[in-house]
Structures are given as structure tokens and as C-alpha cells.
Amino acid sequence: MTAAVALRHEVFCVEQGVPEWEELDGRDQEGIHLVAVADDRLLGTCRLVHFGRTIQFSRLAVRADARRQGIATALLALADEEARELGAKRLVLHAQTYALKLYENAGYRPRGRAFVEAGIEHVAMEKTVG
Ligand SMILES: CC(C)(COP(=O)(O)OP(=O)(O)OC[C@H]1O[C@@H](n2cnc3c(N)ncnc32)[C@H](O)[C@@H]1OP(=O)(O)O)[C@@H](O)C(=O)NCCC(=O)NCCS
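First things first, this report covers the structure right here in the doc. Numbering of residues begins from 1 in every chain and follows the order in which that chain's sequence is written. Predicted model: local features are reported for residues with pLDDT of at least 70 only, side-chain atom pairs are reported and counted for 80 or more only, and whole-chain, interface and lining totals are derived from all residues. Excluded from the side-chain calculations are hydrogens and water; all other atoms, namely the structure's heavy atoms, are used.

Focus on the environment of Leu75
The residue Leu75 is located in helix H3 (residues 71-85) in this model. For every residue, the accessible area obtained with a 1.4 Å probe (protein chains only) is divided by the maximum for its type, and the residue is called buried under 20%, exposed over 50%, and partly exposed between those limits. Judged by its relative accessible area of 3%, Leu75 is buried. Each C-alpha atom of the pair Leu75 and Tyr103 lies 11 Å from the other, and the pair is 28 residues apart in sequence. Residues are treated as being in contact if the distance between any of their heavy atoms lies within 4.5 Å. When near neighbours in sequence (up to four residues on either side) are disregarded, Leu75 contacts Leu34, Val35, Ala36, Gly44, Thr45, Cys46, Phe57 and Leu60. Helix numbering and strand numbering both begin at the N terminus, where a helix is a DSSP run of H or I of at least 4 residues and a strand a DSSP run of E of at least 2.

So this is what it looks like as C-alpha cells:
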């Protein structure tokens, strides 16, 4: 958990300039944190938070030197499995628009217009848990 939050800090706050108060939104204790680990090194993380039968997917971050190797795609697939096991009906997320294809490839569809969150353009996306 400490390593996951440290990676999020490095990626969102240092690399992308998101304010720390916005990155740490107080929901970490209620979340399920998925991680990708190799050789004792945490390479990626994301978080699932339940709202009834909907699960919000967020905080997807992959270490800069481990990108474009399918780690985010694997975390999205694992999130699907978790959601199924938890009996959820829907997964929702706010995608940074530059990464839209990542989520479309994982079966998410955009919903509504782009908006700015934490100073970065996003679009809401969702998928039904199959
Ligand atoms: C976005 C991020 C999580 C992707 O992680 P990753 O492990 O590199 O992603 P994958 O290797 O699974 O990528 C799968 C596909 O997603 C798309 N994709 C991934 N990174 C992309 C990028 N920087 N620009 C455009 N498309 C991208 C591509 O279609 C890619 O397939 P390809 O490599 O065959 O072209 C990672 O770049 C990251 O941590 N970025 C900073 C934080 C961030 O933006 N988080 C997402 C918040 S919505």
C-alpha cells in the first residue's frame, strides 16, 4: 500500500502536476488496490471503490520505465475479474483523454463530453461487467 501510494505520488503529482490533496482523496482505506510486481519492485497500481453495484476504477499508474508492456492492460483485466467476483454490474472511470484507446481496448465506452479534472482533460467511461 505504501509503495502503491508512493508510485501514485511520483506519477500523478511529480510527473503530471496533480496537487497532492487531490491525489490523496481520503478513499484509499475503502478501496481495493491492485498492483503489478516484478522482482520485488512495484511497477503499476490501480484502485477499485464500490458504490453499490457500481465500481469506480481510478488511480491507474505505471512506472515510467515499465510502460507500453501491457501492465495497465493487465490491471484492467484483473479489475474485471475482481468486479465479477464482487457481483458488480458496472465499472466506471474518468480517463485522461490521451489514454482513451487503452480503455476502449479494455471494453470501456465514453459517456458525455470531455471535462477538466485536476487540471487534465478527462472523459467519463463505463463498461458493463460481463
Ligand atoms: C496510461 C498508463 C497507465 C498506461 O500504462 P501502460 O502499462 O504503458 O499501458 P499498456 O502497455 O497496457 O498500453 C496498452 C495500450 O494503451 C494505449 N496507450 C498506452 N499508453 C499510451 C500513451 N501514452 N499514449 C497513447 N496511447 C497509449 C496504446 O493503445 C497501448 O497499446 P500499444 O502499446 O500497443 O500502442 C501509463 O502511461 C501511465 O501511468 N501514465 C501516467 C498516469 C496516467 O495517465 N494514468 C491514467 C489516468 S486515466
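Digging into unusual backbone geometry
Phi is positive for Asp39, close to 50 degrees, though the residue is something other than glycine. When you line up the elements, Asp39 lands in the loop between strand S1 (32-38) and strand S2 (41-51). Owing to a relative accessible area of 80%, Asp39 belongs among the exposed residues under this scheme. A positive phi angle, near 55 degrees, is found at Arg59, a position not held by glycine.

Considering the pairing of S1
In this scheme, strands are said to pair when DSSP sees at least two bridges between them. Both S1 and S2 contribute to a ladder of seven bridges, which runs antiparallel. Note that in S2 the partner of Val37 across the bridge is Leu42. Connecting S1 to the next strand, S2, in antiparallel fashion are two residues, including Asp39 with a positive phi near 50 degrees.

With respect to the sheet that holds strand S3 (residues 54-62)
The six strands are arranged S1-S2-S3-S4-S6-S5 in an open sheet whose pairing can be described as mixed. For this open sheet the edge positions go to S1 and strand S5 (109-117), each flanked by a neighbour on one side alone. Taking each pair of neighbouring strands and ignoring which way they run, the sheet shows an average axis angle of 25 degrees. For S3 and strand S4 (residues 90-96), the ladder comprises three bridges, and the chain directions are parallel. Residue pairing across strands places Ile55 opposite Leu91, the latter belonging to S4. Lying on the sheet, helix H1 (residues 2-15) is in contact with S1, S2, S3 and S4; it crosses S2 at an angle near 95 degrees. Lines are fitted to the C-alpha atoms to define the axes, a helix being fitted only along its stretch in contact, and any angle between axes, read from their N-to-C directions, falls within 0 to 180 degrees.

Some words on the packing of aromatic side chains
Only Phe, Tyr and Trp rings take part, Trp by its six-membered ring, and two of them pair if their centres are within 6.5 Å. Stacked means planes under 30 degrees apart, edge-to-face means over 60, and tilted covers everything else. One pass over the full model with this rule turns up one aromatic pair. Arranged with centres 6.2 Å apart and planes meeting at 85 degrees, the rings of Tyr103 and Tyr108 form a pair that is edge-to-face. Note on Tyr103: relative accessible area 8%, which makes it buried.

Here we look at the environment of Asn105
In this fold, Asn105 is placed in helix H4 (residues 100-105). For Asn105, a relative accessible area of 62% corresponds to the exposed category. Along the backbone, Asn105 and Val49 are 56 residues apart, and their C-alpha atoms lie at a distance of 22 Å.

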